[in-house]
Amino acid sequence: MGMGGQGYGNGGVVSPRRSERKVFPAWAKEIPECEKQYKVSRVSGLRSSDVERLRMIYGYNDLEKHEGQSIWSLVLEQFNDTLVRILLAAAVVSFVLAWYDGQKGGDTITAFVEPLVIFLILIVNAIVGVWQESNAEKALEALKEIQSEHATVIRDGEKIHNLPARELLPGDVVELRVGDTVPADMRVLQLISSTLRVEQGSLTGESEAVNKTHKAVPEDTDIQGKRCMVFAGTTVVNGHCFCLVTQTGMETEIGKVHDQIQEASQSGEDTPLKKKLNQFGETLTLIIGLICAVVWLINVKYFLTWEYVNGWPRNFRFSFEKCTYYFEIAVALAVAAIPEGLPAVITTCLALGTREMAKKNALVRKLPSVETLGCTTVICSDKTGTLTTNQMAVAKLVAMGSTADGLRTFKVDGTTFNPFDGKIQDWLTSNMDANLQMIAKIAAVCNDAGISQSEQKYVSNGMPTEAALKVLVEKMGHPDVFQNERSTTGSDLLRCCRLWNEYEHRIATLEFDRDRKSMGVIVNSRSGKKSLLVKGAVENVLERCTKIQLLDGSVLQLDQNTRKLILEALQKMSTSALRCLSFAYKDDLHEFETYDGNEDHPAHALLLNPSNYSSIESNLTFVGLAGLRDPPREEVYQAIKDCRAAGIRVMVITGDNKNTAEAICREIGVFGPKEDISSKSITGKEFMDLHDPKSHLQQSGGLLFSRAEPGHKQEIVRLLKEDGEVVAMTGDGVNDAPALKLADIGIAMGIAGTEVAKEASDMVLADDNFSTIVAAVGEGRAIYNNMKAFIRYMISSNMGEVASIFLTAALGIPEGLIPVQLLWVNLVTDGPPATALGFNPPDKDIMKKPPRRSDDSLINAWILFRYLVIGLYVGMATVGIFIIWYTHGSFLGIDLSGDGHTLVSYSQLSNWGQCSSWKNFTAAPFTAGTQVFSFDNPCDYFQDGKVKAMTLSLSVLVAIEMFNSLNALSEDGSLLTMPPWVNPWLLLAMSVSFGLHFLILYVPFLARVFGIVPLSFNEWLLVLAVALPVIVIDEILKFVGRCTSGSQASNTRTTMKPKTE
């Protein structure tokens, strides 16, 4: 249909909805019926007078252009996140308070740093998000690129060359030749050549080009079985024909794929990590709200007072200044609770993960996919090109023996088009017998393919089956007949084939056709003898054979016993999913005895009519047969084994036929050699007809779906996701794109994959290798474990900050940490250690454990308790050192009186708001670095004078969080078993963070911005003395955790043992 109801050109074409028009099953109708339906004939085509009328009905032959989201809707979408909304609210409130402070003449620079930094974080986050989203829908554009641009059409009985393909209409008669891209879905009307072959694997998943015919097929035939139809976007590789356009635009098969991609892109879900972070954000919102309310209630007595008169509150007094102060404390609490640096650290860790994966040939297009890979539970893999090499190779060679009742079988190694990849087992290196020489001659000369080397890969030029035969000839080696010609110049890959073609000069070709299923060539030998060399389907060639050639070259009559022996060998090879081709020849060519290719020769007329080929290829001499296949990759068997050990199920979904797919699945270990797979191997159509498809997918072990169409793949992925599975889907064709889009992880092939598949995917395999996926899953698991480490680290740090502010408010002492300092710690000081935790080495048994559930919590109850204990200690330490500076001249033997500051009692400190009512209270000047702080109003000692105490609190917070990062190296492992140097990056990051802290302490401008002062040596000793115990506390908690988890694991094993048995 054309662009789905949109107007085009001056005609204002409006096309009805596809669902309103009944599809005419042209594939199930004979040609006259199709011509009658569309009111055309093969000779005259459409009439010009009908074109505009049909245009109004069907529109243009284009794919719909779906309107993407506007840039503003994408920007707003980035704020649809709980953590981001909390940050935004904190920034707005901070900005209002900073403006209010500025109006009162406060320190404007310091006040505005916090809101500006938070706004900057949000802007960067939005830019990255919009960039990712805007790149996500390129699959639809890539789909349009594979459409044909022009077509040769018959209208009004005249042939029109280069008609724009978008102007095609149902009823047009189109001419197709070799190399043409099919412009629409069409019914074959007439074959001009003897055969028509179309490469449609990218749409249907078939591993080789398909023969097309003009004969009708049953109406309920699947897409692969519609042999009389050619589909838009596929390519003609052989032949010449005329076709009738039946579907255009969005009604074509490629249009349906376009719709499915659009539908899948709209049903995208959040990654497991994003879900967890959203849940964390919601919990955090609740916690922040509760703590802020508690802080407010604790301090309400300071800004709202009243007197009781006759039992009723009267004379309310409200202090707006103090109310604002405690509101600022609540904002500081929110800033402390939010791990502002978490998004940046996660992005950095995922980016580093993508670099590691790229080294293993897995190119990640979307960052969250790295983490999602770690919890993959099912891999749905295409067969052709992923589990197999997508390079046909000869696996078995069967030759005649020394007697009529004996056959020789040779196993051929190698899985690629590389002539040096593998050898023929039990092969005689010299003295190739006459029978094997004849097989080599036919395979080399009756062959139109070639092999070339491109970027260290060997590729076929022509039909892959023919290329595989040429590789076989090279592995067979030089026969003695070429003994004197081995020094011939040239070092091409196919040297033996070249020598055979020089020795046997081809003078005529009998093209392959679908009736006789064979190809023949007439050759003129250097000896002057004419021969006919034939290769083709075994049953068809054997029917036309009357003789056999034995090992020594002698020829005998073909009897029934020998025929039966050959057919038994064929049956055995076919059950192993080998595609078999036989070789035969004929020396007795009476009509062509003097033929040299001259068109004037009487025999040339016989070659012009393909119906003569069967009679020419009669009375043949049978010499042998070869079994070919698309072999499995060598690494896949071990990769499947690794998947099983890792608790990952493998499902193979292919467009190929059932027998071939089953044989490959047994060979690579998806199924056992003797396993009953009657319930595990079904076709896509059979799956869709199941009453309860979910129960089929819930079977243990591997599953196989053959003859699968795009809709089948989507349904399988959808049902698996509904069942709670995390699905990785591989694919390379246009037909795979919707399922790639729908899966949790869409994995496209980098070499064989279409641009459509790559654009729809989350990850691209540079080497098209299934084992690369397994390596990427292991990397994803390691990255997730490391992310858990730094998320736990950052959250535990934030808990400490919350505890510090809460204790400050609860005890009524001056504010020890201001928002800008907390922001600095969360973003800058904590950032390097958190990022460095992403470099923790992976566990050795990481692929021996079952996949984690996608809904597993980042932090379980025990871990939460541990970090509440750690957080409480951080709060006590930061508040404690603040109190110690004000109330003690020395602590733990460390002298703190060197700066000359005034000591107060704890009671005075906790009631500092009443300072103005104290009698005879004075505050002496004190030094901090080169600065001297003096106070005209003694009460300023608790506000301006707290700068040293604040610096000590901030320094303790930084030091504790650095030591706490060492605790995060392992969830339960002691630092004695996993020492800090296992991750040298962490030690470097701690040095960087300490360096940054020294920078803001000792650079005057930065010290003023952050409201801190330099510390003396003794003060640093106190900081370390207060901070170091955090390691001891967590080591004790880890020990308790190990003891507890050990006993729980023992109980679990005892409980599970009977079930396992």
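Each chain has its residues counted from 1, following the order in which its sequence is written. Where totals are concerned, whole chains, interfaces and linings use all residues; where local detail is concerned, this predicted model gives features only for residues with pLDDT of at least 70, and gives and counts side-chain atom pairs only at 80 or more. Calculation of side-chain values draws on the structure's entire complement of heavy atoms; hydrogens and water are dropped beforehand.

Caption draft 1: Spotlight on the state of the cysteines. We call a pair of cysteine sulfur atoms a disulfide whenever their separation is within 2.5 Å. All chains considered together, the criterion is met by one disulfide. Between cysteine 228, a cysteine without a disulfide, and cysteine 34, which holds the nearest cysteine sulfur, the sulfur-to-sulfur distance is 7.7 Å. Cysteine 228 gets classed as buried once you look at its relative accessible area, which sits at 0%. There is no disulfide at cysteine 496, and the cysteine sulfur nearest it, in cysteine 497, is 6.8 Å away. In this scheme, a residue with accessible area under 20% of its type's maximum is buried, one over 50% is exposed, and one in between is partly exposed, where area comes from a 1.4 Å probe on protein chains only. Judged by relative accessible area, which is 3%, cysteine 496 ranks as buried.

Caption draft 2: Main features of the environment of methionine 357. What counts as a helix is a DSSP run of H or I of at least four residues, what counts as a strand is a run of E of at least two, and both are numbered from the N terminus. As for its position among the elements, methionine 357 is in helix H11 (residues 342-359). Taking the C-alpha atoms as reference, methionine 357 lies 8.7 Å from glycine 780; in sequence the two are 423 residues apart. Here a residue-residue contact requires only that any non-hydrogen atoms of the pair lie within 4.5 Å. For methionine 357, the residues in contact, after removing those within four places along its chain, are Ala362, Val364, Val370, Leu373, Ala776, Glu779, Gly780 and Ile783.

Caption draft 3: Looking closely at helix H28 (residues 819-829). Counted residue by residue, H28 has nine buried out of 11 residues, so it is predominantly covered. All buried positions along H28 are accounted for by Pro819, Val820, Gln821, Leu822, Leu823, Trp824, Val825, Asn826 and Thr829.

Caption draft 4: Seen up close, helix H17 (residues 560-575). Given the number of residues in a helix, its expected span is that number minus one, multiplied by 1.5 Å. Over its 16 residues, H17 runs 22 Å from end to end, which matches the ideal 22 Å to within 8%, given 1.5 Å per residue. Within H17, the full set of buried residues consists of Thr562, Arg563, Ile566, Ala569, Leu570 and Met573. Buried residues in H17, looked at end-on, bunch into an arc of 125°, giving them a common side. Turned more than 90 degrees from where H17 packs its buried face, Gln560, Asn561, Lys564, Lys572 and Thr575 sit exposed. Its buried side turned inward, H17 meets strand E14 (393-400), strand E15 (407-411), helix H16 (538-543), strand E21 (545-549), strand E23 (579-586) and strand E24 (620-629). Here a polar contact is recorded for every N or O atom pair within 3.5 Å, except that within protein the pair must consist of a potential hydrogen donor and a potential acceptor, and residues adjacent in sequence are included only if both atoms are side-chain atoms. Of the residues flanking the start of H17, the one acting as N-cap is aspartate 559, its side-chain oxygen 3.3 Å from the backbone nitrogen of asparagine 561. A positive backbone phi angle near 65° is found at alanine 577, which sits one or two residues after H17. Think of it as the arc spanned by the lines of direction from the helix axis to the C-beta atoms.

Caption draft 5: Structural detail: the packing of aromatic side chains. Put simply, two rings from Phe, Tyr or Trp (the six-membered ring, in Trp's case) pair if the centres are within 6.5 Å, and we call them stacked under 30 degrees between planes, edge-to-face over 60, tilted for the rest. Taken as a whole, this structure holds 21 aromatic pairs when the rule is applied. Ring plane angle 85° and centroid distance 5.9 Å describe the contact between phenylalanine 24 and tyrosine 38, whose orientation is recorded as edge-to-face. With phenylalanine 24 in the segment before helix H1 (31-38) and tyrosine 38 in helix H1, this residue pair connects regions lying 14 residues apart in the sequence. Summarising the aromatic geometry, the rings of tyrosine 886 and tyrosine 941 are spaced 5.2 Å apart at their centres and angled 75° between planes, so their arrangement reads as edge-to-face. Note that tyrosine 886 is positioned in helix H30 (residues 861-887) and tyrosine 941 in the loop between strand E34 (931-933) and helix H32 (947-967), a separation of 55 residues in sequence. Tyrosine 941 sits in the buried class, given a relative accessible area of 0%. Site record: aromatic cluster; members linked through ring pairs are Phe882, Trp885, Tyr886, Trp918, Phe921, Phe926, Phe933, Phe935, Tyr941 and Phe942. Whether a charge sits over a ring depends on NZ of Lys or CZ of Arg being within 6 Å of the ring centre and within 35 degrees of the ring normal. Between the NZ or CZ atom of lysine 226 and the centre of the ring of tryptophan 27, over which it lies, the distance is 3.8 Å.

Read these as spatial facts, not as claims about activity.
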